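# Secondary and tertiary structure notes
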Amino acid sequence: DRDNHIPRTVLVPANEFIGMIGKAFAPHIDLYLQAERNKLDKIILTAGQNIQEELENDIHILNSSTKLIVAMKDAIEKCAGFNIPQALLDLFMLIKELLIKYSSTLTRVLPNRPKKDDQFKLICAISNTSAQLLSSISSLSEKVVSLVPDETKPAINVDDAGDSIGTELKK
């Protein structure tokens, strides 16, 4: 547009207006968090039921993990728009809980004594997906840390989730 000398208007949201809207919804933020939980739970449930269909042979991970991580990132960005730090912290705790649930869902479908190539591929995909979850939870926490005030940053800890996912993999 600049090269063609076409003027363009850039709209910038008024933060004080966004904050006022967020405060109006603050008493009902639990409904938003429950809706996000339901949406993310549905992705996890679907992954657990159709594990063979979730395999991405080229990169050896499960497709559902990408869907789940993108949905979690979107939820963080939407929640940040409310400008309510406690809601963002609550959402992050929910995300950690659901990542652990997803990891345990994956380990429950691991074959005990693999004999076929498909079973070995599934084991590799679950292992790679779990590694992706560990790196993703760190990047999601960095996103939340950048959005909350300094006094709430210490509450954002991912070590417990990493340990839980690691424990699931050891099973």
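Quick note: structure is the one above.
Residues numbered from 1 in each chain as written. Predicted model: local features only at pLDDT ≥ 70, side-chain atom pairs only at ≥ 80, totals over all residues. Heavy atoms only, no water.

## Brief notes about the packing of helix H5 (residues 85-108) against helix H6 (residues 117-147)
- With their axes 11 Å apart at the nearest point, H5 and H6 run at an angle of 180 degrees to one another. On the basis of their axis angle, the class for H5 and H6 is roughly antiparallel. Contacts between H5 and H6 involve Leu88, Phe92, Ile95, Lys96, Leu99, Tyr102, Ser103 and Leu106 on the former and, on the latter, Ile126, Thr129, Ser130, Leu133, Ile137, Leu140, Ser141, Val144 and Leu147.
- Tallied by class, the residues present in the contact of H5 with H6 amount to 12 nonpolar, 4 polar and 1 charged. (Axes fitted to C-alpha atoms, helices over the stretch in contact; angles between N-to-C directions. Helix = DSSP H or I, 4+ residues; strand = E, 2+ residues; numbered from the N terminus. Parallel < 35°, antiparallel > 145°, perpendicular 65-115°, else oblique. Contact = heavy atoms within 4.5 Å. Nonpolar A, V, L, I, M, F, W, Y, C, P; charged D, E, K, R; others polar.)

## With respect to the environment of Val70
- With respect to the helices and strands, the residue Val70 is situated in helix H4 (residues 63-80).
- Assessed through its relative accessible area of 44%, Val70 is described here as partly exposed.
- As for Val70 and Ser136, which are separated by 66 residues in sequence, their C-alpha atoms are 9.9 Å apart. (Buried < 20%, exposed > 50% of the residue type's maximum accessible area, 1.4 Å probe, protein only.)

## A closer look at H4
- For H4, which comprises 18 residues, the first-to-last C-alpha distance of 26 Å matches the rise-based estimate of 26 Å (1.5 Å per residue) to within 8%.
- Taken together, the buried positions of H4 are Ser64, Ser65, Leu68, Ile69, Ala71, Met72, Ala75, Ile76 and Cys79. Each buried residue of H4 sits inside an arc of 165 degrees when the element is viewed along its axis, so together they form one side.
- Turning to H4, the residues buried within the fold contact helix H2 (29-49), helix H3 (51-54), strand E2 (61-62), H5 and H6. (Expected span 1.5 Å × (residues − 1). Arc of directions from axis to C-beta.)

## Concerning the environment of Leu140
- Relative to the elements of secondary structure, Leu140 occurs in helix H6.
- When its relative accessible area of 4% is taken as the criterion, Leu140 is described as buried.
- Distance from Leu140 to Ile76, taken between C-alpha atoms, is 8.3 Å for residues 64 residues apart in sequence.
- Setting aside its immediate chain neighbours within four residues, Leu140 contacts Met72, Lys73, Ile76, Phe92 and Ile95.

## Some points on the pattern of salt bridges
- Under the counting rule described, the total for this entry stands at 7 salt bridges.
- In this structure, the salt-bridge partner of Glu77 is Lys143, at a minimum N-O distance of 3.7 Å. Of the two residues, Glu77 is situated in helix H4 and Lys143 in helix H6; the sequence distance between them amounts to 66 residues. (Salt bridge = Lys/Arg side-chain N within 4 Å of Asp/Glu carboxyl O.)

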